[in-house]
Amino acid sequence: MDVLLAMRTFRRVVERGSFSQAAVDLGQSTAAVSKQVRQLEKHLGSLLLLRTTRRMSLSEAGQAYFSECCHLLEELDALERATQSGSSEPSGRLRVNAPLSFGLKVLSPILVAFMQRYPDLKVELTLDDRLLDVVSEGFDVSLRIRSHLPDSSLVARRLGEVAQVICAAPAYLKANGTPLSVEALREHSCLAYRLAEHPGSWQLQGPQGNSRLELPVRLAVDNSLMLSEMLLAGLGIGALPSFIAQPLLDSGQLMQLLPEQSMPRRSIYALYASHRHVSQKVRVFVDFLACALQALPPDTPASDASAGAVKTSLTPPCPAAR
């Protein structure tokens with residue numbers, strides 16, 4: 001059995017959702033395509049596809065194998081293209097997952113510079129605040145902003161930090177008063193990020209030490225940009241990541257509360273599958289992103305209009321655009 005041929009056939013069957021459609025694409029008979037998949041399953045000693053008279057779906061083992069199969073075939077194709085063209089530049093498809101607000105506010109200009117630098121790469125970016133499964137959903141890299149990560153078999157590279165800022169709209173503060181102490185926060189409506197580890201539970205560190213505050217949550221949303229809109233509308237008090245909060249603080253649309261109190265910073269992680277050899281496209285993307293995030297200005301007071309901005313002109317050691 002030609003294992004590589006069987007892997008390519010299996011991939012096409014999954015992508016097309018049927019043996020007959022895959023057979024048309026591959027210029028083979030449906031019986032031949034089905035036979036190759038059965039031989040691959042026998043070779044692996046595992047059922048990859050669950051078949052009924054009406055539908056076909058991946059088994060649990062099939063989901064994991066499909067992701068790795070695509071990864072290996074794409075790497076092989078990229079190696080062949082590079083060898084044939086004499087180029088050492090990465091090529092092929094790079095599938096990336098990132099939180100929506102981070103993708104729009106921070107990643108977007110970095111991605112422009114990255115694609116200018118590596119024109120042979122095709123990027124598929126999925127913006128979703130949910131914690132998606134990197135392997136089963138076929139992502140090469142998943143970017144996550146968390147205070148900590150659960151144990152897993154994935155490689156986690158820490159790229160930077162994001163501060164959290166407690167803030168509210170001037171109109172809300174005018175109508176409800178400005179809290180001048182941690183305890184005073186309990187008297188206010190809390191707007192929470194629903195996907196946080198502990199929505200509505202704030203860990204604060206100030207001159208008097210650490211404290212944990214449980215706040216009554218009036219509204220919980222699963223996106224930081226939506227949360228910022230609700231804060232701007234004057235619905236309550238909330239905590240925003242600095243890359244969203246800072247421009248709104250600079251413009252006076254939001255006011256920072258209790259600046260002497262700080263919340264734990266969240267780390268920016270790049271997660272990717274554990275391989276002895278990390279693919280070139282993953283390596284250059286993660287390296288480029290790490291360098292670009294290091295080029296961002298540090299957290300500064302709201303009076304500094306440059307705070308929260310993203311530098312699109314990257315300086316060495318970041319790879320320059322062509």
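Definitions and limits used
Residues numbered from 1 in each chain as written. Predicted model: local features only at pLDDT ≥ 70, side-chain atom pairs only at ≥ 80, totals over all residues. Heavy atoms only, no water. UniProt positions renumbered as here; feature names shortened; annotations may be inferred. Salt bridge = Lys/Arg side-chain N within 4 Å of Asp/Glu carboxyl O. Buried < 20%, exposed > 50% of the residue type's maximum accessible area, 1.4 Å probe, protein only. Pairing = 2+ DSSP bridges. Helix = DSSP H or I, 4+ residues; strand = E, 2+ residues; numbered from the N terminus. Axes fitted to C-alpha atoms, helices over the stretch in contact; angles between N-to-C directions. Contact = heavy atoms within 4.5 Å. Polar contact = N/O pair within 3.5 Å; in protein donor to acceptor, adjacent residues only side chain to side chain. 1 Å grid on protein atoms, 1.4 Å probe; cavity = no way out; pocket = protein on both sides within 12 Å on 5 of 7 lines; lining within 4 Å. Points joined across faces, edges and corners; volume = space filled by probe spheres on them. Nonpolar A, V, L, I, M, F, W, Y, C, P; charged D, E, K, R; others polar. Core = buried A, V, L, I, M, F, W, Y, C linked by side-chain atoms within 4.5 Å. Phe/Tyr/Trp six-rings, centres within 6.5 Å; stacked < 30°, edge-to-face > 60°. Lys NZ or Arg CZ within 6 Å of the ring centre and 35° of its normal.

- Going by the annotation in an unreviewed UniProt entry, the name recorded for the protein is LysR family transcriptional regulator, with Pseudomonas auratipiscis given as the source organism.
- Here is the UniProt Sequence similarities (unreviewed entry) comment for the protein, exactly as written: "Belongs to the LysR transcriptional regulatory family."

**Some details on the pattern of salt bridges**
Part 1 of the argument: All told, the structure shown has 13 salt bridges when counted by the stated rule.
Part 2 of the argument: Across the pair R16 and D25 runs a salt bridge whose closest N-O atoms are separated by 2.8 Å.
Part 3 of the argument: Residue class for R16 comes out partly exposed when judged on its relative accessible area of 40%.
Part 4 of the argument: Residues R186 and E183 are paired through a salt bridge, measuring 2.8 Å at the closest nitrogen-oxygen approach.

**Here's the deal with the sheet that holds strand β6 (residues 155-162)**
Part 1 of the argument: Spatial strand order, β4-β3-β5-β14-β6: five strands in an open sheet with mixed pairing. Across the chains shown, the open sheet's two edge strands, defined by having one partner strand only, are β4 (121-127) and β6. Strand-to-strand, the axes of this sheet are offset by a mean angle of 20 degrees, without reference to chain direction.
Part 2 of the argument: Bridge count between strand β3 (residues 92-98) and β4: seven bridges; the pairing is parallel. Paired with L94 across the two strands is V123, which belongs to β4.
Part 3 of the argument: Most of the contacts of helix α9 (residues 280-294) go to β6, to which it runs at about 20 degrees, and overall it touches β3, β4, β5 (141-146), β6 and β14 (266-272).

**Looking at the sheet that holds strand β7 (residues 164-168)**
Part 1 of the argument: In space, the five strands of this open sheet follow the order β11-β8-β12-β7-β13, with mixed pairing throughout. Of all strands in the sheet, those bounded by a partner on one side alone are β11 (217-221) and β13 (255-256).
Part 2 of the argument: Both β7 and strand β12 (residues 237-241) contribute to a ladder of four bridges, which runs antiparallel. Along β12, the bridge assignment pairs V165 with L240.
Part 3 of the argument: Each of β7, β8 (190-193), β11 and β12 touches helix α7 (residues 224-232); the most contacted strand, β12, lies at about 140 degrees to it.
Part 4 of the argument: The strands touched by helix α8 (residues 242-250) are β7, β12 and β13; relative to β12, the strand with the most contacts, the crossing angle is about 115 degrees.

**A look at the side chain of N223**
Part 1 of the argument: If you trace the backbone, N223 turns up in the loop between β11 and α7.
Part 2 of the argument: With relative accessibility at 10%, the residue N223 sits in the buried group.
Part 3 of the argument: A polar atom in the side chain of N223 sits 3.0 Å from the backbone nitrogen of M226.

**Some details on empty space enclosed by the protein**
Part 1 of the argument: For the structure on display, the rule yields one cavity of 30 Å³ or more.
Part 2 of the argument: Taken together, 19 residues form the lining of the largest cavity, with P99, D129, I145, Y193 and R266 sitting closest to its centre.
Part 3 of the argument: Of all the secondary-structure elements, those providing two or more residues to the lining of the largest cavity are β3 and β5.
Part 4 of the argument: Broken down by element, the residue count for the lining of the largest cavity peaks at four residues, all from β5.
Part 5 of the argument: Here the residues of the lining of the largest cavity sort into nine nonpolar, four polar and six charged.

**What about the nonpolar core?**
Part 1 of the argument: Core analysis: the largest hydrophobic core is formed by 46 residues, its most contacted members being F102, F114, L143, L159 and F285.
Part 2 of the argument: In terms of residue count, the dominant contributor to this core is α9 (nine residues).
Part 3 of the argument: In this view, L143 contacts V96, N97, A98, P99, F102, L107, L159, Y269, A270 and L289; residues no more than four positions away in its chain are not counted.
Part 4 of the argument: Among the nonpolar cores identified, the runner-up in size contains 18 residues, and V14, F19, L40 and Y65 belong to it.

**A word on the packing of aromatic side chains**
Part 1 of the argument: Across all of its chains, the model carries six aromatic pairs by this definition.
Part 2 of the argument: Relative to F243, the ring of F102 has its centre 5.8 Å away and its plane inclined at 75 degrees; by these criteria the two rings are edge-to-face. Residue F102 is found in helix α5 (residues 100-117), and its partner F243 is found in helix α8; the two are separated by 141 residues along the sequence. Of the two residues examined, F102 and F243, each falls in the buried class.
Part 3 of the argument: Residues F114 and F285 carry aromatic rings whose centres are separated by 5.2 Å and whose planes lie at 80 degrees to one another, so their mutual orientation is edge-to-face. Linking F114 in helix α5 with F285 in helix α9, this pair joins segments that are 171 residues apart in sequence.
Part 4 of the argument: Judged by relative accessible area, F114 falls into the buried class, the value being 1%.
Part 5 of the argument: By way of ring pairs, the aromatic residues F114, Y118, F285 and F288 are connected into one cluster.
Part 6 of the argument: A cation over an aromatic ring shows up here: R95 above the ring of F139, its NZ or CZ 4.6 Å from the ring centre.

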